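If you want the building blocks of each chain, they are given just below.
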Amino acid sequence: MVLHSSLSLSLSLFPFLSPNNNNNHLILNNLLNQHKHKRKHLSCCALKPTSQNNTFFRRDFVLFGLTSLSLTSPLSATLAEEEPKMASFEDELNAYSYLYPVELPSKKFVFKWVESRKPERYSSAAPLSPDARLRIVSERVDIIDNLIISVTIGPPNSSIIKTTDKSKWTAREVADSVLSDKSALRVTSSQRLAESSVLDTHSGEIDGEPYWYYEYLVRKSPIKVTPDSSVFRHYLASTAERDGYFYSISASTLSPQWEKMGPFLEKSVSSFRLLKPTENYVPPYKDPWRFW
């Protein structure tokens, strides 16, 4: 299917329509008809869900909208030279926090964040794979600047993490465990790992607890810009463990944007902390049947 680049913003907003709305295909057809006279085109391989799960359908369109906009709205490379103004995000429900960039005052540049997923308990959170082990408990996106920051929770993969002594876990093992469950496609864990290329891993200790850090590229995407596209999503991530579950933050943009936006994403990932639980904390294992 061929789409016009001027459709980027329209399609990037499409995931916020109800997935159960039978008129969605009519809306998309209207958007296509409105832009038939434009000359510039973008190719993609599919505009259909990679799974029957509506969650994956909506997320695929978010990623497509971000991809389209990033290739039509390049940013100045000088943005990364300034320290950004950061805002704090705290989720008492899952007991973690992180910082995210909001403004570069001297450049008069403002990030356009939208909280696409408000914090929710693990039992009701959106799954990232058909087995529903790894789930997104919160997420924010900057559609215009092609940025995604998400927090996921999931149990370790027992085929990779073979001991309960986390002092013996390596950063690469933790990265492989998380990435093995991070796919909207009905594939095996090894196939999910093959979608990603881990570039770097290391670990650190904060307040006596280990944190594992990793950088990776995702080669396979639900939607491609061109059949042989060399544009990948570039990720930074940090993971910590509590109550037998991995709590992970990931921040990403497309590879052409990395030099400009990578330093800001690194600040967000390095600021990720598990907080002391309050009375509002809901551990992942509590009421697994509850979905509200």
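Calculation notes
- Residues numbered from 1 in each chain as written.
- Predicted model: local features only at pLDDT ≥ 70, side-chain atom pairs only at ≥ 80, totals over all residues.
- Heavy atoms only, no water.
- Helix = DSSP H or I, 4+ residues; strand = E, 2+ residues; numbered from the N terminus.
- Buried < 20%, exposed > 50% of the residue type's maximum accessible area, 1.4 Å probe, protein only.
- Contact = heavy atoms within 4.5 Å.
- Areas by Shrake-Rupley, 256 points an atom, 1.4 Å probe, with all protein chains shown as cover.
- Salt bridge = Lys/Arg side-chain N within 4 Å of Asp/Glu carboxyl O.
- pLDDT = per-residue confidence, 0-100.
- Core = buried A, V, L, I, M, F, W, Y, C linked by side-chain atoms within 4.5 Å.
- Phe/Tyr/Trp six-rings, centres within 6.5 Å; stacked < 30°, edge-to-face > 60°.
- Lys NZ or Arg CZ within 6 Å of the ring centre and 35° of its normal.
- Polar contact = N/O pair within 3.5 Å; in protein donor to acceptor, adjacent residues only side chain to side chain.

Draft legend 1. Focus on the overall build of the protein chain. Summing up its helical and strand segments, the protein chain has six helices and 14 strands in all. Across the 292 residues in the protein chain, those meeting the buried criterion constitute 50%. The long-range fraction of contacts in the protein chain, counting pairs at least 24 apart against all pairs at least 6 apart in sequence, stands at 63%. Element-wise, carbon and sulfur atoms account for 52% of the exposed surface of the protein chain, whose accessible area totals about 14100 Å².

Draft legend 2. Fine view of the pattern of salt bridges. Applying the stated rule across the entire model yields eight salt bridges. With a closest N to O distance of 3.8 Å, E139 and R117 form a salt bridge. Residue E139 is found in strand β8 (residues 135–142), and its partner R117 is found in strand β6 (residues 113–117); the two are separated by 22 residues along the sequence. A single burial state applies to E139 and to R117, both of which are buried. We note a salt bridge from D181 to R133, for which the minimum N-O separation is 2.9 Å. Taken together, the residues span a long stretch of sequence, with D181 in the loop between α4 (171–180) and α5 (189–194) and R133 in the loop between β7 (126–127) and β8 at a distance of 48 residues. In this structure R133 comes out as partly exposed when scored by relative accessible area, which is 23%.

Draft legend 3. Fine view of the confidence of the model for the protein chain. Across the protein chain, the average pLDDT comes to 74, with 62% of residues at or above 70. In this model residues 1–58 is a low-confidence stretch, pLDDT under 50, and it forms 100 contacts with partners more than four residues away in sequence or in other chains. Between residues 222–226, whose pLDDT stays under 50, and residues either more than four places distant or in other chains, the model counts 19 contacts.

Draft legend 4. Just the nonpolar core, in detail. Core analysis: the biggest nonpolar cluster contains 33 residues, and Y98, F111 and F272 have the highest contact counts within it. Of all the secondary structure elements, the ones that give two or more residues to this core are β4 (96–104), β9 (147–154), β11 (209–218), β12 (233–242), β13 (245–254) and α6 (258–270). Counting residues in each nonpolar core, the second largest holds 18 residues, with A175, V178, W212 and V218 among its members.

Draft legend 5. Inspection of the packing of aromatic side chains at higher detail. Within the structure shown, the criterion is met by 14 aromatic pairs. Plain terms: the ring middles of F89 and Y96 are 6.3 Å apart, the flat faces sit at 50° to each other, and that makes the pair tilted. Given the relative accessible area of 0%, Y96 is considered buried. Between F89 and Y98, the ring centres sit 5.1 Å apart and the planes meet at 45°, which makes this aromatic pair tilted. Like Y98, F89 is buried. Of note, R140 hangs over the ring of Y100, and the distance from its end group to the ring centre comes to 4.0 Å. Taking the ring centre of Y247 as reference, the NZ or CZ of R242 above it sits at 4.6 Å.

Draft legend 6. Looking closely at the environment of V282. Mapped onto the secondary structure, V282 falls in the segment after β14 (273–274). Separated by 159 residues in sequence, V282 and S123 place their C-alpha atoms 9.6 Å apart.

Draft legend 7. Quick look at the environment of E241. By the element assignment, E241 lies in strand β12. Separated by 88 residues in sequence, E241 and I153 place their C-alpha atoms 9.4 Å apart. Side-chain polar atoms of E241 contact the side chain of K166, separated by 2.8 Å. Polar side-chain contacts of E241 include one of 2.8 Å to the backbone nitrogen of G244.

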